[in-house]
Amino acid sequence: QVQLVESGGGLVQPGGSLRLSCATSGISFSTYDMAWYRQAPGKQREVVAAIASAITSGGNSTDYADSVKGRFTISRDNAKNTVYLQMNGLRPEDTAVYYCNARSYVTFWGQGTRVTVSS
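Residues numbered from 1 in each chain as written. Predicted model: local features only at pLDDT ≥ 70, side-chain atom pairs only at ≥ 80, totals over all residues. Heavy atoms only, no water.

Q: Just to check I follow, could you spell out the sheet that holds strand β1 (residues 3-7) for this structure?
A: Within a sheet, neighbouring strands are paired by backbone hydrogen bonds and run either parallel or antiparallel to one another. Strands sit in the order β1-β3-β8-β7 across an open sheet of four strands; the sheet is antiparallel. With partners counted over all chains shown, the strands left at the sheet margins are β1 and β7 (72-77), one partner each. Pairwise comparison of adjacent strand axes, ignoring direction, gives a mean angle of 15 degrees for this sheet. Bridging between β7 and strand β8 (residues 82-87) involves six bridges; their strand directions are antiparallel. Bridging across to β8, F72 finds its partner in M87. (Pairing = 2+ DSSP bridges. Helix = DSSP H or I, 4+ residues; strand = E, 2+ residues; numbered from the N terminus. Axes fitted to C-alpha atoms, helices over the stretch in contact; angles between N-to-C directions.)

Below, the structure written as structure tokens:
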């Protein structure tokens, strides 16, 4: 059974930091491209950051939405089957439910973790 379990969300003040984790099981993690998406209330789900698999051309390359470049960092630990999202300099507009995504020939989603940025 495939599982993607996000953790690390919560309430943080503007300017603060959070580190999200997505622990996976049931997939050959190193062969999957991984990404973090978010969905704010009343808005469509959008990709925040992505990291390629080790076997993808440019393996472990990363890409970011313009809105988070320079503030967020995606990384992966293939030994732990886990992908991370380090979020610094958080802003109220970063408030959303953050979802982990694993993509190969099929796509899997986690259940989401809520991030609220508010004073």
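Q: Where do I start with the side chain of T113 in this structure?
A: Turning to its location among the elements, T113 is positioned in strand β11 (residues 113-117). Given a relative accessible area of 10%, T113 falls into the buried group. Separated by 3.2 Å, the side chain of T113 and the backbone nitrogen of G9 make a polar contact. When residues no more than four places from it in sequence are discounted, the contact partners of T113 are E6, S7, G8, G9, L20, A96, V97 and Y98. (Buried < 20%, exposed > 50% of the residue type's maximum accessible area, 1.4 Å probe, protein only. Polar contact = N/O pair within 3.5 Å; in protein donor to acceptor, adjacent residues only side chain to side chain. Contact = heavy atoms within 4.5 Å.)

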